[in-house]
Amino acid sequence: MSEAVDAVSLTVVLGGMVLMLFGLLKLVVVPLAVAFELGDRRSRRRGDHTILAERPWVSIVVPAYNEAPVLENCVRSLVGGSYERLEVIIVDDGSDDGTAEIAERLEQTHPQVRAVQQANAGKGAALNRGIAEARGEILFFVDADGIFGRDTVAEMLRGFDHPRVGAVCGDDRPVNLDRVQTRLLAILSHAGTGLVRRALTMLGCLPIVSGNIGAFPRAVLAEVGGFDESTVGEDLELTWRVHRAGYRVVFRPRALVYAESPATLRTLWRQRVRWARGLLQTMRRHPDMIGNPRYRAFGLYLVVNTLTMVVMPLLQLVVLLLLPLALGAGGVTVDGGLLGRLGWLGLFVSLAVTGVAVGLNRAWPDLRHLWTLPLWPLYSTMLGLVVVGALWQEARGKTAAWNKMVRTGVVSVDGLARR
């Protein structure tokens with residue numbers, strides 16, 4: 001029995017050390033993110049050339065399946081921006097809630113809009129139909145609940161500052177800040193998305209172009225192919241193929257899109273499981289890229305990505321499950337003073353990193369949501385369960401589908417509602 005207790009205790013101690021190590025590694029992103037921001041400001045002051053100066057024709061593809069509550073506000077934001085050389089292609093994927101009628105009305109109202117209808121075939125198929133219909137040199141892909149800022153398209157085009165840039169990702173933020181959960185996600189979007197994507201761009205390792213705000217040159221899509229219609233992570237899988245072809249993937253933090261975040265635990269669970277399944281499916285399709293120096297820093301980063309997104313959440317669950325057993329058996333002793341100091345240190349580091357992230361995003365009003373900080377450990381634990389759920393669904397061979405949350409149409413960000 002003592003040997004069993006010692007094994008449990010060793011598992012807990014080693015697991016805790018690994019978790020602490022990866023927590024400290026997160027601090028590395030701060031100087032990289034700051035360096036990214038300083039470099040971007042220097043580039044703007046110098047007036048460095050980007051594709052924006054060439055005024056390319058832009059096609060924005062909006063896949064839509066039962067998006068009646070949100071589609072009109074999305075399209076109005078796209079045609080009402082500062083960049084005018086664009087078309088908007090709405091691909092209705094067999095909706096039965098009036099989405100097709102709204103799309104047709106928008107087509108009649110705005111000359112830049114075209115409405116396309118097809119039988120229900122899934123999001124990947126709708127995106128590929130949009131590619132086939134598009135006439136632009138640069139293709140954007142936007143979810144139907146996304147609301148662009150006035151200069152979002154122009155800011156995205158600024159990201160194409162080199163011939164080897166194959167994809168640009170903007171910054172998506174919650175638009176429905178009417179729940180505790182969505183306010184928590186707003187804070188996480190700064191520290192977990194804006195900050196990290198700046199750092200990964202500096203390293204040449206940005207692994208995903210968000211399906212809610214991504215842009216690709218037509219020539220790159222022709223080279224690497226369109227979206228994989230059999231996966232639930234079509235945006236992630238396409239981004240890996242762009243890296244495989246040797247192109248750079250960059251982040252543009254000032255290219256903002258506001259979109260609905262899950263407002264209930266059920267919708268959050270479904271979304272995160274879908275994302276985790278997308279990662280697992282992409283890893284299965286491209287196992288040779290993980291750890292392969294042929295793909296430079298990105299191939300090596302995929303090892304870290306696998307550890308942090310798959311292994312570490314599972315290890316965290318194991319530690320949490322074994323900790324009560326180890327403590328009850330006396331196999332692990334806890335220094336209350338040390339635990340308290342580590343707790344305060346962790347809180348300080350979290351606040352400091354969040355403050356830097358919010359500052360870089362110039363989103364100071366969002367600091368009012370910092371009171372959600374105590375919920376972060378619960379969210380982190382849920383992510384471990386999400387990986388388990390994703391592995392279970394993959395083992396069962398659950399088919400890919402839209403599997404999206406039901407839109408509410410709530411817009412609580414000033415200046416965005418029904419403009």
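Residues numbered from 1 in each chain as written. Predicted model: local features only at pLDDT ≥ 70, side-chain atom pairs only at ≥ 80, totals over all residues. Heavy atoms only, no water.

Caption draft 1: View of the sheet that holds strand β1 (residues 58-64). The strand order across the open sheet built from eight strands is β3-β2-β1-β4-β7-β6-β8-β5, with neighbouring strands paired in mixed fashion. On the outer flanks of this sheet lie β3 (113-118) and β5 (147-148), each paired with one strand and no other. (Pairing = 2+ DSSP bridges. Helix = DSSP H or I, 4+ residues; strand = E, 2+ residues; numbered from the N terminus.)

Caption draft 2: Region of interest: the packing of helix α3 (residues 71-79) against helix α4 (residues 99-109). α4 packs onto α3 with a crossing angle of 25° between their chain directions and a minimal axis gap of 10 Å. Overall, the two elements α3 and α4 adopt an arrangement that is roughly parallel. Crossing hand, α3 versus α4: right-handed. Contact residues: L71, E72 and V75 in α3; T99, I102, A103, R105 and L106 in α4. Within the contact of α3 with α4, the residues separate by chemical class into five nonpolar, one polar and two charged. (Axes fitted to C-alpha atoms, helices over the stretch in contact; angles between N-to-C directions. Parallel < 35°, antiparallel > 145°, perpendicular 65-115°, else oblique. Left-handed = near helix turned anticlockwise from the far one by under 90°. Contact = heavy atoms within 4.5 Å. Nonpolar A, V, L, I, M, F, W, Y, C, P; charged D, E, K, R; others polar.)

Caption draft 3: Main features of the nonpolar core. Residues I60, L71, V88, I90, F140 and L157 are the most contacted members of the largest nonpolar core, which totals 36 residues. Residue contributions to this core peak at five residues, all from α3. Beyond its immediate chain neighbours, meaning those up to four positions away, F140 contacts V58, S59, I60, V61, F148, V153, M156, L157, G214 and A215. (Core = buried A, V, L, I, M, F, W, Y, C linked by side-chain atoms within 4.5 Å. Buried < 20%, exposed > 50% of the residue type's maximum accessible area, 1.4 Å probe, protein only.)

Caption draft 4: Expanded view of the confidence of the model for the protein chain. Chain-level statistics for the protein chain give a pLDDT mean of 87 and a share of 84% at 70 or above. Scored below 50 in pLDDT, residues 12-22 makes 15 contacts in the model with residues more than four places away or belonging to other chains. (pLDDT = per-residue confidence, 0-100.)

Caption draft 5: Structural view of the pairing of strand β2 (residues 86-93). Within β2, eight of the eight residues are buried, leaving the element largely enclosed by the surrounding structure. In this structure, β1 lies alongside β2, joined through seven bridges in parallel fashion. By the bridge assignment, S59 is partnered in β2 with E87. In this region the chain leaves β1, passes through α3 and returns to the parallel neighbour β2; the handedness of that crossover is right-handed. The pairing of β2 with β3 spans six bridges and is classified as parallel. Along β3, the bridge assignment pairs D92 with Q117. One crossover worth recording links β2 to the parallel β3 by way of α4, and it is right-handed. (Right-handed = clockwise from strand over helix to strand, strands pointing away.)

Caption draft 6: Broad picture of a positive patch on the surface. Together, R266, R270, R396 and K398 line one region of the surface with positive charge. Among the structural elements, K398 can be located in the segment after α13 (376-396). Residue classification places K398 among the partly exposed residues on the basis of a relative accessible area of 42%. (Patch = residues over 30% accessible without salt bridge, like charges linked within 9 Å, V, L, I, M, F, W, Y side chains within 5 Å. Areas by Shrake-Rupley, 256 points an atom, 1.4 Å probe, with all protein chains shown as cover. Salt bridge = Lys/Arg side-chain N within 4 Å of Asp/Glu carboxyl O. Lys, Arg positive; Asp, Glu negative; His and termini not counted. Charge placed at Lys NZ, Arg CZ, Asp CG, Glu CD.)

Caption draft 7: Helix α9 (residues 234-244), seen in detail. Judged by how many residues are buried, α9 sits mostly within the fold: 10 of 11 residues are covered. Along α9, the residues that are buried comprise E234, D235, L236, E237, L238, T239, W240, R241, V242 and H243. Just downstream of α9, G246 is the residue with a positive phi angle, here 90°.

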